Each structure stands twice: as C-alpha cells, then as structure tokens.
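Descriptive analysis of the structure
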2 protein chains.
Amino acid sequence: MLKPMHEIAPTVYVNGRLLPEGEASVSVLDRGLTLADGLFETMVAFGDRVFRLPDHLARLRGGAALLRLPLPPSRTLEAAVRETLRRNGRERSVVRLTVTRGSDHGRGLDVRPGTRPTLIVRVTPWQGPPSSLPLPGRSLALSPICRNEHSPITRVKSLAYVEGVVARLEVRRRGADDALLLNTTGTVACASSSNVFVVIDDALATPRQEDGALPGIARKTLLEVARSLGMAAREQSIQPEEVYRAREVVLTNVVSGPVPVTSVDGHPVGDGAPGPVTARLTRAYWELVAKTLGG
Amino acid sequence: MLKPMHEIAPTVYVNGRLLPEGEASVSVLDRGLTLADGLFETMVAFGDRVFRLPDHLARLRGGAALLRLPLPPSRTLEAAVRETLRRNGRERSVVRLTVTRGSDHGRGLDVRPGTRPTLIVRVTPWQGPPSSLPLPGRSLALSPICRNEHSPITRVKSLAYVEGVVARLEVRRRGADDALLLNTTGTVACASSSNVFVVIDDALATPRQEDGALPGIARKTLLEVARSLGMAAREQSIQPEEVYRAREVVLTNVVSGPVPVTSVDGHPVGDGAPGPVTARLTRAYWELVAKTLGG
C-alpha cells in the first residue's frame, strides 16, 4: 500500500544524489563535522521558488571567499536547491543549503589540494506566513555569551554555531524564549538565530555588522519594507538600555519573518503587548514575500 | 592474498561500531555537522596507552558541562578509545575523540529531549617523539583573526574550529608555517592549533586562559616540566612586542610536543636558530612522555 504523500520520508541532496533522509550521511572525515569548516544558508520557499535566492547565494559566496572554499557555480547550487524542493513536493518549505570544505584523509587544519566540497540540501516543512496578526510576543534574556565583532568570521554564516546553541540553552533554562547577544564591548549584536530591531521615536534601528550582527536576508528585507512605508530605518550601534527602553522590539529571520518581543530580561517592552509598528511592518513584509514568490 | 598490516584500512569507532574508515559516517542531521554542536580531544598513544587520558577527559567533561551535553561515562569513552587503538594495532597513534550532541529530525538551535550524543574515535599514524633535536624552527605570522577571550566557548575545545582554519590558510599564503592569534584587545592568545610560550629573562611564560588561550594538555605538561627543571614558568598576559623581542618562542600541542619558533612576522627570534632553553625543555618533555607511557 502506498503511503500518503505527507508520510513519505524526506529526501536529502548530498553531492549530487537524492537520498531518503535516514540514509543521507557524510564521512566522519568531513571537515564540516571535524572543524566546522563550512557555511550554510537557511531559506524559505513556495514550491520550488526560493525567497531571495540570489541574496542567499551572494552571502554564501562572500563567506566562501573568506574561507577560501571553492564553491560550486551558482547554477549548480540553484539546481541542487530546486531539484531537492521539487523532489520533496511541499507547498511551503524551509530549505537549508550546507557547503563544507569536504573530506580528506589527513588530520589537522591544513587544507589539502584537491579537497572537494560537500554539498547538502535539506528540506523541512515550513508553516509559511502567519495566518493572523499580531503574533504572540516573545521574551528575550541577556546571554552570557558575547559575539566577537572583531572577527571577520562573525560576519559570515559558518557552521560554527555552538555559541548560539549555548546562548539559547542558557536563556531557555531561565524561562526566556531567546537570547539577546551583546558584542565584546557590551553593544547589542543580535539574538541567537535572529537579527534584532528596536523602534525608537518612530524610527526602526538594527545593530551594524561592525557591531557583530550577521547580515540577515530578513533583516535587509525589513529595512527595505520600513523605508517603503516612509519610516526612517537605519543600522546603528544600540546599547542594551535602548532595547530595555524601546517602544517596540522585533526579531527577524527568514523562517519566522518579523516577530514581536514583548519582554526583555523580565521587563515589558512598551506596554507589554505587540505594538502597532511591528504589526504594520509584519503585514508589509509578508505581502512582499507573497508578491516575490507569487504565493 | 592478505594485505600487509600497514595497508589495512583504518578502523573508526562510531557509536559502538568499529567500521572501515570509508564506511564511517554520520547523519547529515547530526548537530556536530550542522551547528558545530560538539567537542573533541586530540591525544597521542603508544599502543593503547594514551598520554594523560584523564586530563583530556576532564577537559572534555568541562566542555560538556558548558554545552549541557550529556557525555557518556568516562569508562565508556576510555573503552571506546582503547578498543579503537587496539583494533588499529599501531605502535604510535594520534587518536581523536569527537562527541557531538547527536542527530535530531528538527531544525534550528533548540535541543530536543532524548537527543543522544554521537561518539566518534579515529586513529591516525603518529611519528612519535622526535628522533633528534633541535627540531627545525617554524615561522609565525600575525593573523587577522582574533580570539574572543570574553566567551566561555573559547576555553573549551568545541567543534567550532573554522577561525583556526582561516587563520592558518591566511598566513600560509604569506609563507609562514602558523598563525599567531591575538585576542580582542591585542594581547597574545595562541597559535592556530597550538599554545604559545615565550622565554624572557630565563623564565617561561604562556598566555592566560583569560586572554583566550585554550588549556592545552601539552601546555600544562610543559609548565610542569619547566618547573621540574627549576625554571620559573607562569601564565601571564603577553603582548605581541614581547613575542617579537623574546629570546626563544615555543609552540606546543600534544601531537608535536614543544616546537621552536625561529621567526615571527619575518623577524628572527633570538639569533634565528632554535635556542638552548627550548632544546632542554623539549628533551625533558619527551622523557616525561616516554616515562608516562612506558614507551
């Protein structure tokens, strides 16, 4: 008897092969596993149409330049992403593209000539744009982990994500939904897997890359959306006190879109409910996504 | 026809199974691969006797506490290491123990209850103690990558090693053997996969953990060796100028032991040849290793 479509095991792309998720593996020699020597992008898609794929690939290419990782051509990456999406046949997907330096039989840090990258594409279900607004407010707590704004690695999406994992675990234990990460001088950088925005005096502001923020695709999109609505929207240094005092606080990543933060370290943001600026931005953000993807 | 022993494929331990290296793999869902969510130890062994295994396991356990990673009992880890060494049957080995958070079918940072760690042990050939001294001098160059001395993650041996990879690639391109890494305030932290020592006024000094140094097992051993020889040996903050002006500079990790540095950023260290203090320390270091391992 055929299983209904939704019970079919997900298919994962690994170096040109499409495999059932349970069989998709990489060598224990893969430098992505042994040294976090690789990069990834997390994207969202309607069918096989990926939101801002060129922006994701451009960011990936920037990371590959820093790591001197010989990335396959963009058409190869795009084809792998689209093929995996089609094979999984979901209406709405989160699609993660991972590229590692690849496997070699040596050990240590040195990259051996001829090492060929490992390419992985994995698709998981995405619930898509929210069906109603406002979204429930999230709580943030200050993390003991800080971002190294001095390192160029901080500005690329490498596999080295353990700081985010530890930050998230730590604040969850304290009852918060997500972690607010500062940089080494105590300036706000980001949340554990999101960018952070504050609304101050009707303007929208988000930490600069120089302060340790990752150049998020949803971050870039929200800045554009705010400007299209006539709002002032800028990248600037933000102190933790400005987050505590902000009228509204918003998190962004491409999976969740804009999400309101209603408490920080136990103190309510504004009146403790999702605010009108966040609602307006969120509506315009998802309209732009739907228009882009024709969804 | 049986292959001679040295041509038999290496055997890798993965979660209780011993597999030929070419078949040893982990799921693409493993958080060690996707998020660098794991830890490792690199050790050396004569036969199945590992140098300072309890020190390595204690450091691993410290890292696991920070990551809230439920590490298997030490006897399980020890048995996995010894069994893999015996199966590979080498006289002298480098043995790497990797523990990741394990695989889960979700995505994102949150750790799902019941996720079981992945345990990998890989053995590679080790040339063992040097057959003659002095060793050839190495060259260091200052890296543009800096260590985040403010983050507790910097003091554990997590899988997030991409900064070391990039630092090494960058200085190799400039003709140096290894990278000297400073911390965010410009104080010396370490080399890309070694601790660094300087000889100043007949005393041995190495950067403090608070300055971004990893608590290396060879580092600890060399401090003990120096003291046993009557030398002053201390952990202290070291500025780059002190490395440039030092009479001798030494790198340590457990695979190479103490190694002389004879140039830094193109400038000779001392008279540009490996120095007498390094030679004396290196001899005593390897005598201690041989005595410990009965080799």
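Residues numbered from 1 in each chain as written. Chains lettered and ligands numbered in written order. Predicted model: local features only at pLDDT ≥ 70, side-chain atom pairs only at ≥ 80, totals over all residues. Heavy atoms only, no water.

Glancing now at the interface of chain B and chain A. Residue-level contacts link 62 residues of chain B with 62 residues of chain A. Both sides of the chain B and chain A interface together cover about 4900 Å² of buried area, and 64% of this is carbon and sulfur. Where chain B packs against chain A, one counts 6 salt bridges. A salt bridge links Arg-168 of chain B to Asp-110 of chain A; the shortest N-O distance between them is 3.1 Å. Among the elements that make up the side of chain B that touches chain A, the one with the highest residue count is helix α4 (residues 162-173) of chain B (10 residues). Of the residues in the side of chain B that touches chain A, the class split is 29 nonpolar, 17 polar and 16 charged. (Contact = heavy atoms within 4.5 Å. Buried area = accessible area lost by both parts, 1.4 Å probe. Salt bridge = Lys/Arg side-chain N within 4 Å of Asp/Glu carboxyl O. Helix = DSSP H or I, 4+ residues; strand = E, 2+ residues; numbered from the N terminus. Nonpolar A, V, L, I, M, F, W, Y, C, P; charged D, E, K, R; others polar.)

Moving on: the domain arrangement of chain A. Residues and elements named next belong to chain A. Looking at chain A, the domain boundaries give domain 1 (5-125) and domain 2 (138-293). Counting residues at the interface gives 25 residues for domain 1, matched by 23 residues for domain 2. In this structure, the connection of domain 1 to domain 2 is made through 2 salt bridges. We note a salt bridge from Asp-55 to Lys-220, for which the minimum N-O separation is 3.2 Å. Counting every contact that joins domain 1 to domain 2 gives 7 residue pairs in polar contact (both at pLDDT 80 or more). Of all elements in the fold, only β4 (38-46), β5 (49-50), α2 (53-67) and β6 (92-100) reach the threshold of two or more residues within the side of domain 1 that touches domain 2. Considering every element that reaches the side of domain 1 that touches domain 2, the biggest residue donor is β4, with 8 residues. Among the residues making up the side of domain 1 that touches domain 2, the classes are represented as 11 nonpolar, 7 polar and 7 charged. (Domains from an automatic or database assignment. Polar contact = N/O pair within 3.5 Å; in protein donor to acceptor, adjacent residues only side chain to side chain.)

Counted by the stated rule, this structure contains 38 salt bridges over all chains. With its nearest N and O atoms 2.8 Å apart, the salt bridge here joins Asp-37 of chain A to Arg-101 of chain A. Highlighted residues: Asp-37 of chain A in the loop between α1 (31-35) and β4 and Arg-101 of chain A in the loop between β6 and β7 (118-125), separated in sequence by 64 residues. For Asp-37 of chain A, a relative accessible area of 0% puts it in the buried group. Across the pair Asp-104 of chain B and Arg-112 of chain B runs a salt bridge, and its minimum N-O distance is 3.4 Å. Salt bridges sharing partners connect three or more residues here, namely Arg-31, Asp-37, Arg-101, Asp-104 and Arg-112 of chain A. (Buried < 20%, exposed > 50% of the residue type's maximum accessible area, 1.4 Å probe, protein only.)

Residues and elements named next belong to chain A. Taken in spatial order, the 6 strands make up an open sheet running β2-β1-β7-β6-β4-β5, and their pairing is antiparallel. Across the chains shown, the open sheet's two edge strands, defined by having one partner strand only, are β2 (17-20) and β5. Sheet topology note: the β6/β7 ladder contains 8 bridges and is antiparallel. Across the sheet, Thr-100 pairs through a bridge with Thr-118, a residue of β7. Contacting β4, β5 and β6, α2 crosses the sheet at an angle of about 180° to β4. Seen against the sheet, helix α3 (residues 74-88) touches β1 (11-14), β2, β4, β5, β6 and β7 and runs at an angle of roughly 35° to β7. (Pairing = 2+ DSSP bridges. Axes fitted to C-alpha atoms, helices over the stretch in contact; angles between N-to-C directions.)

This brings us to the pairing of strand β2 (residues 17-20) of chain B. Residue and element names in this part refer to chain B. Relative to β2, strand β1 (residues 11-14) runs antiparallel, the two sharing 4 bridges. Bridge assignment links Val-12 to a residue of β2, and that residue is Leu-19. Joining the antiparallel neighbours β1 and β2 is a turn of 2 residues, in which Asn-15 adopts a positive phi near 50°.

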